[in-house]
Amino acid sequence: MHTGRQRSPATLSDSFNPISSRPGFMLALLCAATLTACGGGGGGTAADPVSKPTNEKPATAPVDSGVSTGPAMRTGADVFYFAPEEAHVAVSAIEAQTGGKLFASWNPNDPQTSLQPGMKVMFFGAAQGCPSAHNGTLVPLSDDALGRVAALAGVDAAAAKGTTRWTPSGNSDGCVDSARGRDGASAVFLNPAKSGSVALFTTSGQQDDGQEAFFGPYGADGQNGVGANAHITGSFVNFRQAWGRADAIRPWAGSAKARVRSLQSLGAASVDAATGATAQGKQQMMATFINRECASTLLPTGKPCQIQYLFNTAIVRSGVSDWSAVSWFQAGGVWFDPGQGGIPIVDGPIKTPGVVTLDDTTKLELFRSQGSASQHKSFKGRTFDVTIDFDQLMNAVRATVALSIKTDIANVRDSDVAAMWGSAWSSRDEWVLLSSFVGQEVYNPDSLHRVQVAGGFRDLYVGAQ
C-alpha cells in the first residue's frame, strides 16, 4: 500500500495504489529509519545497452493447476524457510527457527523491536479511542473468536494456543479508558501442528454485532495526518533476517535465481461497498533485498540500498468480475514509495506458470511465475512460486535509477547506477535477504460496509534456486 503508482482509473485516495500492497505499513517506514530514502544518480560515460525480452510466454504454457512447476526447494545455506510444526507451540521454538525474538504489536514504531531478526506479527490501522497509540498491545483471541476466524480463513486452529494467537487490544498506551476493555477484530494465529498453518484475518466496517470493528482502517487523514494510507488497514507476518552476518542469505549466489514461494489459502473475501463506491481486499507474499556494500557506504547519504518485491497472490475489488479486462493489472512496475521512506518497490500480478511479468514502462522482465497465478476469489492450497533471475533484478535496479534521474532506462550508465546503489551493485554476493512476509490489507472508506479477507499460509520460502 502507501502512496505510489496510480494505475487505476477509479477515484481512490492518492495514498492507495490499487495493485500494490504497500506491505509493512509502518514496518517498512521503520525500515526507512535505518535504510533511508532513495536519491539520485551521478555522472558517467557511455550508456549501457538494455536488452528486452524476446519471449514473454513459453511455447506451450503449462496449465495453472495451483501447484509449483519449479524444482524441489533447497535446504541449507542461502535459504529461509518457515512452516508451522508441532514444536512451535513454544515461542522459544519459533525464535530458534526464525533467528530472533518474536515480536507482536499494532502500529509499531520502535526499531529496537520491530527491526530485529525474528518473526514479527504486526497490525496497522486505527483503533477507536486510541488516537495517539503506537506499539499497541496484542492479546490472545478468545476461543469463540478463534473459531470464527478459523472458519472464515479455512485454517485449522486445533493446536493454536494463547501464545500463538493475536488480536489488537485497547489496553495500550494512548487509549482512553473506554477503549481499555475492547479488542479485535483483525487477527493472526499460528496453528503449531503437523502440516500446520498461519492464519490472517483483516476486517473493517460493521461487524456481526452491528458495531464498527475496534481496530480498522485509518481515516481520511491517513497514517501520517496528511492522507497516507487513508482508509486502509493491514495484517502482516514478517520474518526479518540478520542480514549483516557472514552467513546472510544470498539468493543470487553463484548462478542462482532468487525464489519466493508460498503455499496459501483464501477462505473468504468480502468487498461490500455502497453503490458507486470502491472497496478492495488483498493477500500477498513479499520479500526485501539489500545490497550490503551500498548499506555500508551510501545509507548515510540517503540512498535506498534495498528493493522490495510485492506479489499479489489474491486481489478482489468491488465492481470487478473480469480481471483480464482491468488494464492496470496486466503488467508490473517499479516505483518509489513515499509511505516507506522512498524505497523502491517492484510489484505486479503473478502470471500462469512460465509467464514473465513485465514492467509496464520499460517492457523489461521483472519476474517469472512457476506456480499459481494471482487469484480473485476464494481458494485452497495453491502454491505461488516466483523466480527473479539476476538480470531481472538488474532491470529493476536500473529502472529505479532511470526514475530517480528522470531519464529513459536506455540512457542509464553504470556510473549512474553506482552513484545510487554503490560500487558493488552488480555483485551477486552483495545482494542478501533483508525480510520476507505474508500480509493482507483492505481498503474501505465506509464504516457502514464490511470489507475483509481471511486466509493464511502453510509455508514461506525465500532463497536461492
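Our structure is the block above this text.
The rules behind these values
Every chain is numbered on its own, with residues counted from 1 as its sequence reads. Where local features are concerned, this predicted model is filtered to residues with pLDDT of at least 70; where side-chain atom pairs are given and counted, the filter is 80 or more; whole-chain, interface and lining totals use all residues. Note: side-chain values were computed over all heavy atoms of the structure, leaving out hydrogens and water. Cysteine sulfur atoms that come within 2.5 Å of each other are treated as a disulfide pair. Numbering of helices and strands starts at the N terminus; helices are DSSP runs of H or I of at least 4 residues and strands are runs of E of at least 2. For every residue, the accessible area obtained with a 1.4 Å probe (protein chains only) is divided by the maximum for its type, and the residue is called buried under 20%, exposed over 50%, and partly exposed between those limits. By arc we mean the arc of the directions from the helix axis to the C-beta atoms, nothing more. At least two bridges found by DSSP between two strands are what make those strands a pair. A fitted line through C-alpha atoms represents every axis, and for helices the fit uses only the stretch in contact; the resulting angles, taken between N-to-C directions, go from 0 to 180 degrees. The contact criterion used is simple: two residues touch if any of their non-hydrogen atoms lie within 4.5 Å. Polar contact is the term for a pair of N or O atoms within 3.5 Å; when the atoms are in protein, one must be able to donate a hydrogen and the other to accept it, and sequence-neighboring residues count only if both atoms are side-chain atoms. Salt bridges are counted wherever a side-chain nitrogen of Lys or Arg sits within 4 Å of a carboxyl oxygen of Asp or Glu.

Undergrad: Quick question: what am I supposed to make of the state of the cysteines here?
TA: A covalent bond bridging the sulfur atoms of two cysteines is what the word disulfide describes. Evaluation of the coordinates by the stated rule reveals two disulfides. What pairs with Cys130 in a disulfide is Cys175, and their sulfur atoms sit 2.0 Å apart. Given an S-S torsion of about 110°, the disulfide between Cys130 and Cys175 has right-handed geometry. Placement of Cys130 in the loop between strand S4 (126-127) and strand S5 (138-139) and of Cys175 in the loop between strand S6 (165-168) and strand S7 (187-191) is noted, with a sequence separation of 45 residues between them. A relative accessible area of 7% places Cys175 in the buried class. Cys294 shares a disulfide with Cys305; S-S distance 2.0 Å.

Undergrad: Even after reading the chapter, I still don't get helix H7 (residues 414-421), so can you show me in this structure?
TA: An α-helical turn contains 3.6 residues, so a residue and the one three or four places further along point in the same direction. For H7, every residue scored as buried is listed here: Asp416, Val417, Met420 and Trp421. Around the axis of H7, the buried residues are gathered within 105° of arc, so they sit on the same side.

Undergrad: Could you clarify how one ought to interpret the sheet that holds strand S10 (residues 232-240) in this entry?
TA: Pairing within the open sheet is mixed, and its eight strands lie in the order S2-S3-S10-S19-S12-S13-S15-S14. Two strands close off the open sheet at either side, each with one partner strand: strand S2 (103-106) and strand S14 (333-337). For this sheet the average axis-to-axis angle between neighbouring strands, irrespective of direction, equals 20°. Pairing of S14 with strand S15 (residues 343-349) involves five bridges; the strand directions are antiparallel. Bridge pairing in S15 places Gly333 opposite Asp347. Each of strand S13 (306-317), S14, S15 and strand S19 (431-443) is contacted by helix H6 (residues 390-405), which is oriented at about 50° to S14, the strand it contacts most. Of the strands in this sheet, strand S12 (280-291), S13, S14, S15 and S19 are in contact with H7, which crosses S13 at around 85°.

Undergrad: Hey, could you run me through the side chain of Ser114 in this one?
TA: Mapped onto the fold, Ser114 is located in helix H3 (residues 111-114). Taking relative accessible area as the criterion, Ser114 reaches 0% and is therefore assigned buried. Of note is the side chain of Ser114, whose polar atom sits 3.1 Å from the backbone oxygen of Asp110.

Undergrad: Which parts of the structure should I look at to understand the pattern of salt bridges?
TA: Two side chains that carry opposite charge are able to pair once their charged atoms sit near each other. One pass over the full model with this rule turns up 11 salt bridges. Arg450 is paired through a salt bridge with Asp208; the nearest N and O atoms lie 2.9 Å apart. Of this pair, Arg450 sits in the loop between S19 and strand S20 (451-464) while Asp208 is found in the loop between strand S8 (197-204) and strand S9 (215-216), placing the two residues 242 residues apart along the sequence. Arg450 sits in the partly exposed class, given a relative accessible area of 22%.

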